[in-house]
Each structure stands twice: as C-alpha cells, then as structure tokens.
Amino acid sequence: MFFDRPKSGELSILVHIDIYEERGTSDPREFEELALSAGADPVAMLTGARSTPTARYFVGTGKLDELKALVQEHEAELVIFNHTLRPSQERNLEAVLQCRVLDRTSLILDIFAQRARTHEGKLQVELAQLQHVATRLIRGWTHLERQKGGIGMRGPGETQLETDRRLLRERIKSIQARLEKVRKQRDQGRRSRTRADIPVVSLVGYTNAGKSTLFNAITDADVYAENQLFATLDPTMRRVELDDVGAVILADTVGFISRLPHKLVEAFRATLEEAASADLLLHIIDAADAERLRNIDEVQKVLEEIGASEIPQLLVYNKIDLLSDMEPRLDRNDQGIPVAVWLSAQKKEGLALLEQAISELVGTNMCHGRVYLAPTMGSLRARFHRANAVLNEQYLDDGRCELELRLPEIDFSRILAAESATPELTGWLPISA
C-alpha cells in the first residue's frame, strides 16, 4: 500500500502484520491515523499475516527483504510497527534496515508527549516514557561495556550503563513521588465534592469519539477539540447547573484506544481515577464509526482495569449528523431508565435529551414549597438566595418574608441545620428527580 500526499514529516514505512492471536484487535486505518498524529509522513504500508511473530525480527525473512527494499526505494527515515516489539527485535531490525524503528507503544507515547500541556500531564507522560525506555538503554551506545577510568574517575567499577540505569530509577522514583502528591490533592478535591454532595459525571470513550466537543457544547468551555487521535490529554472539570439536579461536576478524560500501553494506564492512573470515582459515566461513542462495537469493548476493558466497570453508564452515540435519516432520541430500558442518547455535539442537536437523561440518573430528591421567615431570619434568607433556590419572594403585612423554594432535599436540611432554624412551611412536597 502506497500513500500519495504532500511530504510533511519524517518519511515512514508502516508495518501491519495480522498475528493470529491479535486478529481483529486493531485497524490499519487507525494505525495510519496514529502515525499522522505523531507527525510522521507515511509513504508505504507493508501488510501480511503470520500465526506467530519470529523471535529475531518479528516478521519473517521474506517480509524483512520486502521491508528493506521499501526503505531503500523511498529513502525512509523511520519504520513504525503496529505491534509491541521487544528491545532485541528493535535493535535487530535497525541493524538490517539502517534506520530507526518504533513500535506501537513508542508511537503512542510520542503522541502523548506532544499533546500534554499541564504539569501533571507532562509528568505522567515522562513517567511512561522512562519506564518504556528503561529496557532499551543499550540502543545507540557503544561505550557502555567499558568501565569508568582516568585520573580522579576510578571508583567502584560502575559501568556507564549501570550509571544510566541508576539515574533512570532515581528519576522514575522522583516522578512517582510527585504524582502521588497530585493523586492526594485529587483525593482531597473529591472528598470536598462528596461533602458538598455534588454529583460527578465523567466523559469516557474511544479516542476521537467527540468527548471534548460534547464537553464544550454542554459547558460552554473552550477545551481543545480536533478531528485527530488524542487531541486532548489533560483532564478538565467544569461545574454546570441542571434542572431538578442543581450543580453537577462534568469531567472530560483522556481517550482510550485498542491495546493502550499498560505503562500509560499506570502513569495516568491519577487522572483516570476521576472516572473511577464518578457517580455516572457518559460513554461517548462515534455512531458513524464502522468499528464502534469493537471500540466499545476496548473502552470496557480499560474501565475494568481502572476499577470503573461497576459505575452506572449512559451510552452517548455522537456524530449522528454523519448518518442519514437519523434524529436525536433517548432510549430507555424496560424499567423506563435512560440507557442511551443519540445526538450530534458538533451540531448541538439532542443536548436537551442528554441533560434530561443525566438529571434522571444522578438527580437527588427535590423539594418545592413555600417558607415563611420571621424578620429575624435574614441570614437564613441569604443562604437560600446563595443556593439559587428562590423562585419567588414577597413580604407580607405582618413583616414576614414569603419564599417559594425549589432545591435538593439534602441541601434544604443542611441549610436549616446550619442556621438552627425551623421556619413555617406550607405546601412543602418532595419531588422525584
């Protein structure tokens, strides 16, 4: 397979081999998009099939000759495999092909390194990269087998390779300590939201399913959203107000992908814990993607790995504007509980149905009625206003203040307890959210 496009990055040969045990777990088109997202310029893709990889080169000798010919024909600077290679396989391939060789893990790590913007995101990516490169230190070094020598340099006989590994371990340990501090800060934030009884709704899904676009449409935020894999990595949280629910925290998380490197899952655990501790997961799905069923399975695998598989989910089928004769709709199960919403975040169609479904799934018991406050209860009146619970207000002839309120029952009880007040109530009824 050859590509005809303007040259923009490193000339690259892509290699996709259907391994029997991995068959159906990855898509060559997605692999090409990954390469483009990393800034590569694919000029050809070598495909094939094998029952098992070879120990020395991953591919057989015949495919290796084909690959070498392609590298020479296109003067390629880089060969990228859509597979995980062992360090020895990378070194053997580089020796034969006389160019750099990357595997799928290194490719995804490179994309993450380009897209990380926050301090936490950069730390997470660096940790994953260091853990990955720790097994590949020998590449490119010719002096590592020699002992340190020279005047003032004689010591316990530590080789340069051992020194590099020791420095690498120290750096990894330092980053892990800093990320642990970030994790504790996130835990503290989550405890604060729990005390305030604010539901958290996390957006999860396969990369490029439209999570950030939907997040922006709901919250009027300005999160970077682009039609490319892993457009955004850094988590973003916004507070939104929903009818019959009140305040809700909406969290946008990193996208998933098939065969997501385990080192990335570990490095981004602090970020992914936002999904694991949510009250509701919005599983965003590209409705126009022919591989959407496979993508759903891949997302479920990652959710199981981070301990979030038991959290209630609402399936959100996005990009229905790319389908013919498809209108926004809300699907319910036999009990009438919302299970799926079909919408278009780009066209902002179906957002009202999504908000309705979220309200039903995370809503608390609401109360509505009138309270009568004595002239001495000005502080209580101010608290109701700060909670945005006042629908109507008027003063009576006897000096009392009549407030028509609508707010979560737990908030009403908390406000009364804080003021140690028992105002007169009329028509006060709980309303099922």
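The coordinates are above.
Just so we're clear, the structure is a prediction, and the values are computed from it rather than from any experiment.

Asker: Talk me through the sheet that holds strand S11 (residues 338-342); I want residue IDs and the actual numbers.
Answerer: Pairing is mixed across the open sheet formed by seven strands, whose spatial order is S6-S7-S5-S8-S9-S11-S10. A single partner strand is all that each edge strand has here, and the edge strands are strand S6 (236-242) and strand S10 (329-332). Each strand of the sheet is rotated relative to its neighbour by a mean of 25°, with strand direction disregarded. As paired elements, S10 and S11 share four bridges and run antiparallel to each other.

Asker: Describe the packing of helix H4 (residues 104-115) against helix H5 (residues 119-133), naming the residues involved and giving the relevant values.
Answerer: Relative placement of two packed helices is described by the angle separating their axes and the distance separating the axes. As a packed pair, H4 and H5 sit with axes 9 Å apart at the nearest point and diverge in direction by 155°. On the basis of their axis angle, the class for H4 and H5 is roughly antiparallel. Like other packed secondary-structure pairs, H4 and H5 cross with a definite hand, here left-handed. The segment H4 lies against H5, with Thr105, Ser106, Leu109, Phe112 and Ala113 engaging Val125, Ala128, Gln129 and His132. Taken together, the residues of the contact of H4 with H5 break down into five nonpolar, four polar and no charged.

Asker: Quick one: what's the story with unusual backbone geometry, residue by residue and with numbers?
Answerer: The phi torsion at Phe58 lies on the positive side, around 75°, for a residue other than glycine. One can find Phe58 in the loop between strand S2 (40-50) and helix H2 (61-74). Even without being a glycine, Asn208 presents a positive backbone phi close to 70°. Take Asn208: it is sitting in the loop between strand S5 (200-205) and helix H7 (211-219).

Asker: Which residues make up a negative patch on the surface, and what values do they have?
Answerer: Together, Asp321, Asp325, Glu327 and Glu349 make up a negatively charged patch on the protein surface. On the basis of relative accessible area, Asp325 is assigned to the exposed category, the value being 80%.

Asker: An account of the nonpolar core is requested, with residue identities and associated values reported.
Answerer: Of all hydrophobic cores here, the largest spans 36 residues; its most connected members are Ile80, Phe256, Leu281 and Leu303. Mapped onto this core, the elements with two or more residues apiece are helix H1 (28-37), S2, strand S3 (78-81), H4, S5, strand S7 (246-252), helix H9 (269-276) and helix H10 (292-305). Top element by residues in this core is H4. It accounts for four residues. Apart from residues lying up to four places away in sequence, Phe256 is in contact with Val204, Gly205, Tyr206, Thr207, Leu272, Val299, Val302 and Leu303. Leu203, Val240, Leu314 and Leu330 belong to the second-largest nonpolar core, a separate cluster that totals 25 residues.

Asker: Could you give an account of helix H11 (residues 351-362), naming the residues involved and the relevant values?
Answerer: Taking 1.5 Å as the rise per residue, H11 with 12 residues should run 16 Å; its terminal C-alpha atoms sit 16 Å apart, in good agreement. Among all positions of H11, only Leu351, Leu354, Ala357, Ile358, Ser359 and Val362 are buried.

Asker: Report on H1, specifying residues and quantitative values.
Answerer: For H1, the complete set of buried residues consists of Glu30, Phe31, Glu32, Leu34, Ala35 and Ser37. Positive backbone phi, approximately 95°, marks Gly39, located one or two places after H1.

Asker: Give a description of the side chain of Arg104 that names residues and reports values.
Answerer: For Arg104, the location among the structural elements is in helix H4. Within the local environment of Arg104, its side chain forms a polar contact with the side chain of Glu30, the two groups lying 3.4 Å apart. There is a polar contact of 2.6 Å between the side chain of Arg104 and the side chain of Asn82. Once residues within four sequence positions are removed from consideration, Arg104 is found in contact with Glu30, Leu34, Phe81, Asn82, His83, Ile257, Ser258 and Arg259.

Asker: Break down the sheet that holds strand S4 (residues 100-102) for me, citing the residues and quoting the values.
Answerer: The strands making up a sheet are joined through hydrogen bonds of the backbone, oriented either antiparallel or parallel. Strand order in the open sheet formed by four strands is S2-S1-S3-S4, with parallel pairing between adjacent strands. A strand with exactly one partner marks an edge of an open sheet, and here the two such strands are S2 and S4. In this sheet, adjacent strand axes meet at a mean angle of 20° when their direction is disregarded. As paired strands, S3 and S4 are joined by three bridges and run parallel to one another. Across the sheet, Leu78 pairs through a bridge with Arg100, a residue of S4. Sitting on the sheet, H1 touches strand S1 (10-19), S2 and S3, and the angle it makes with S2 is about 150°.

Asker: I'd love a proper account of the packing of aromatic side chains, names of residues and values included.
Answerer: Taken as a whole and assessed by the stated rule, the structure comprises three aromatic pairs. Where Phe384 meets Phe412, the ring centres are 6.0 Å apart and the plane angle is 15°; that geometry is what we call stacked. Separated by 28 residues along the polypeptide, Phe384 in helix H12 (residues 378-386) and Phe412 in helix H13 (residues 409-419) bring together distant segments of the chain. The two residues Phe384 and Phe412 agree in class, both being buried.

Rules of the game
- Residues numbered from 1 in each chain as written.
- Predicted model: local features only at pLDDT ≥ 70, side-chain atom pairs only at ≥ 80, totals over all residues.
- Heavy atoms only, no water.
- Pairing = 2+ DSSP bridges.
- Helix = DSSP H or I, 4+ residues; strand = E, 2+ residues; numbered from the N terminus.
- Axes fitted to C-alpha atoms, helices over the stretch in contact; angles between N-to-C directions.
- Parallel < 35°, antiparallel > 145°, perpendicular 65-115°, else oblique.
- Left-handed = near helix turned anticlockwise from the far one by under 90°.
- Contact = heavy atoms within 4.5 Å.
- Nonpolar A, V, L, I, M, F, W, Y, C, P; charged D, E, K, R; others polar.
- Patch = residues over 30% accessible without salt bridge, like charges linked within 9 Å, V, L, I, M, F, W, Y side chains within 5 Å.
- Areas by Shrake-Rupley, 256 points an atom, 1.4 Å probe, with all protein chains shown as cover.
- Salt bridge = Lys/Arg side-chain N within 4 Å of Asp/Glu carboxyl O.
- Lys, Arg positive; Asp, Glu negative; His and termini not counted.
- Charge placed at Lys NZ, Arg CZ, Asp CG, Glu CD.
- Buried < 20%, exposed > 50% of the residue type's maximum accessible area, 1.4 Å probe, protein only.
- Core = buried A, V, L, I, M, F, W, Y, C linked by side-chain atoms within 4.5 Å.
- Expected span 1.5 Å × (residues − 1).
- Polar contact = N/O pair within 3.5 Å; in protein donor to acceptor, adjacent residues only side chain to side chain.
- Phe/Tyr/Trp six-rings, centres within 6.5 Å; stacked < 30°, edge-to-face > 60°.

Purely geometric numbers; function is a separate question.
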